[in-house]
Amino acid sequence: MAFHRRAVCRAPLAAAAALWLPGRAFADDFVPLEVPREAPVSDLPADPTPDAPPETALPVDPGLALINAYRAAAGAPPAALHGALMSSATGQVQYYDLNRGDPSLAGMGLHQQQPGRPGFTGATMGDRARNAGYAGGSVTENAGFGTIQTAIEWAIGTVNHRLPLIHPNAVDMGYAVSGGPGANGFNIVDVGLRRERLSIALPSVFPGDGTWDVPTSWDGGEAPDPAPGVPRPLGYPITVAFGVMQRVEWKELLLFAPGWEPLAVSTPLTDWMRAAAIIPHGPLQCGTTYTAHVSAVVDGRPVVRDWQFTTR
């Protein structure tokens, strides 16, 4: 998907992958791992002219890098890979591989496991995350087929699969792909939304202010349908998210064409994420700048945000 917030991210348009909407689960308070102490320093005198060791670039995880590029475009803090969520995602992928052909492994069943079956690690995504040691907050999951980059690109073009990846509280990530990280197969992205108040400006919005080359349309192909009964194709969806610890009363979710012409839109809410979407009821015009408007009462105070983006 190639659109930009000035110079934020340019990613190639990828083929669609078939994914299904996650549910969510709840975990207990997070207990950080103890940081090991540094090794003691030798008493021997140091070499007065030591050779500088060669710099070694840290490996960049391609899936996490792509997610964080989109998070930056939305004004959300960067996420990090969490060992427990990597483990729970790997367990679900291995369960799928060991039970291929099971008719229950379809649709929302891709997020479930049956006790007693090969590779069982937990019946639900929450069970698997807790069993792997995650206790940071609410857990949700995307499932699909293709490379991890294809799955992420597809999810960003939706509503229900986009929000877990770019939500401002979704700072813990883990993923696995059947056949390995670079493979093309069944994939799982497990996401942990921490129950923490955030110090960043909210709401987080996508596409962000000043974004250009935004797609004009969307086929609406995800489940559950975020705009039921509206003919396809739809316009490209806009999403808005506050922090999960905030109290949000939505007032207005609007989209305007040039000249402040209001567009017909659907505005589904994802209450547990304190998030909403603005979905135009038809494709947007090419090369046009649109203005989105959100107003809400958040923690008892009025919040208003207006921002613009331009289509390709």
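Remember, it's a predicted structure, so these values are computed and weren't measured experimentally.

## Comments concerning unusual backbone geometry
For the bond running from phenylalanine 206 to proline 207, omega is -5°, close enough to zero to count as cis. Here the amide bond leading from arginine 232 into proline 233 is cis, since omega sits at 0°, within 30 degrees of zero. Of note, proline 233 is situated in the loop between β9 (217-218) and β10 (234-235). Phi at tryptophan 260 takes a positive value of approximately 60°, unusual for a residue other than glycine. Among the residues examined, tryptophan 260 registers a relative accessible area of 55% and is labelled exposed.

## A look at the nonpolar core
Counting 55 residues, the largest nonpolar core has Ile152, Ile156, Leu165, Phe206, Trp250 and Leu255 as its most contacted members. In terms of residue count, helix α1 (residues 62-74) provides more of this core than any other element does, 6 residues in total. In this structure leucine 255 touches Ile238, Glu261, Pro262, Leu263, Val265, Ile278, Pro280, Leu284, Tyr290, Thr291, Ala292 and Phe309, once residues within four positions along its chain are discounted. Grouped together as the second largest cluster of nonpolar side chains are 10 residues, Tyr96, Leu110, Ala176 and Phe186 included.

## Some remarks on the packing of aromatic side chains
Geometrically, a pair of aromatic rings is defined through the distance of the ring centres and the angle of the planes. Applying the stated criterion across every chain, the model contains 7 aromatic pairs. Aromatic pair phenylalanine 242 and tryptophan 250: ring centres 5.5 Å apart, planes at 55°, arrangement tilted. Tryptophan 250 matches phenylalanine 242 in its accessibility class, with the two residues each being buried. Both rings, one in phenylalanine 256 and one in tryptophan 260, keep their centres 5.1 Å apart while their planes meet at 65°; by these two values the pair is edge-to-face. These aromatic residues form a ring-pair network of at least three members: Tyr96, Phe145 and Phe186. We note arginine 305 situated over the ring of tryptophan 307; from NZ or CZ to the ring centre the distance is 5.6 Å.

## Observations concerning the packing of helix α2 (residues 83-98) against helix α3 (residues 125-132)
For the pair α2 and α3, interaxial distance at closest approach is 8 Å and the crossing angle is 130°. Relative to α3, the element α2 lies oblique. In the packing of α2 onto α3, the handedness of the crossing is right-handed. For the pair α2 and α3, the contacting residues are Ala84, Leu85, Ser87, Ser88 and Gln92 in the first and Arg128, Ala129 and Ala132 in the second. In the contact of α2 with α3, the residues fall into 4 nonpolar, 3 polar and 1 charged.

## A word on helix α4 (residues 148-156)
Most of α4 sits inside the fold, with 8 of its 9 residues counted as buried. Packed against the buried residues of α4 are α1, β4 (137-146), α5 (162-166), β5 (172-177), β6 (185-194) and β7 (204-206).

## Looking at the packing of α1 against α4
Axis separation between α1 and α4 bottoms out at 9 Å; the angle between their running directions is 20°. The angle between α1 and α4 places the two elements in the roughly parallel class. In the crossing of α1 with α4, the sense of the turn from one axis to the other is right-handed. The residues of α4 that touch α1, namely those facing Pro62, Gly63, Leu66, Ile67 and Tyr70, are Ile148, Gln149, Ile152, Glu153 and Ile156. Taken together, the residues that form the contact of α1 with α4 break down as 7 nonpolar, 2 polar and 1 charged.

## Some details on the pairing of strand β12 (residues 248-257)
Inspection of the sheet shows β12 paired to strand β17 (residues 289-298) by 8 bridges, in the antiparallel sense. Bridge pairing in β17 places tryptophan 250 opposite alanine 296. Here β12 runs beside strand β13 (residues 261-262); their pairing, made up of 2 bridges, is antiparallel. Paired with alanine 257 across the two strands is glutamate 261, which belongs to β13. The hairpin formed by β12 and β13 contains 3 residues between the paired strands, and glycine 259 there has a positive phi angle of roughly 80°.

## Describing the side chain of histidine 111
Tracing the sequence through the fold places histidine 111 in the loop between α2 and α3. You can call histidine 111 buried: its relative accessible area is 0%.

Basis of the calculations
- Residues numbered from 1 in each chain as written.
- Predicted model: local features only at pLDDT ≥ 70, side-chain atom pairs only at ≥ 80, totals over all residues.
- Heavy atoms only, no water.
- Helix = DSSP H or I, 4+ residues; strand = E, 2+ residues; numbered from the N terminus.
- Buried < 20%, exposed > 50% of the residue type's maximum accessible area, 1.4 Å probe, protein only.
- Core = buried A, V, L, I, M, F, W, Y, C linked by side-chain atoms within 4.5 Å.
- Contact = heavy atoms within 4.5 Å.
- Phe/Tyr/Trp six-rings, centres within 6.5 Å; stacked < 30°, edge-to-face > 60°.
- Lys NZ or Arg CZ within 6 Å of the ring centre and 35° of its normal.
- Axes fitted to C-alpha atoms, helices over the stretch in contact; angles between N-to-C directions.
- Parallel < 35°, antiparallel > 145°, perpendicular 65-115°, else oblique.
- Left-handed = near helix turned anticlockwise from the far one by under 90°.
- Nonpolar A, V, L, I, M, F, W, Y, C, P; charged D, E, K, R; others polar.
- Pairing = 2+ DSSP bridges.

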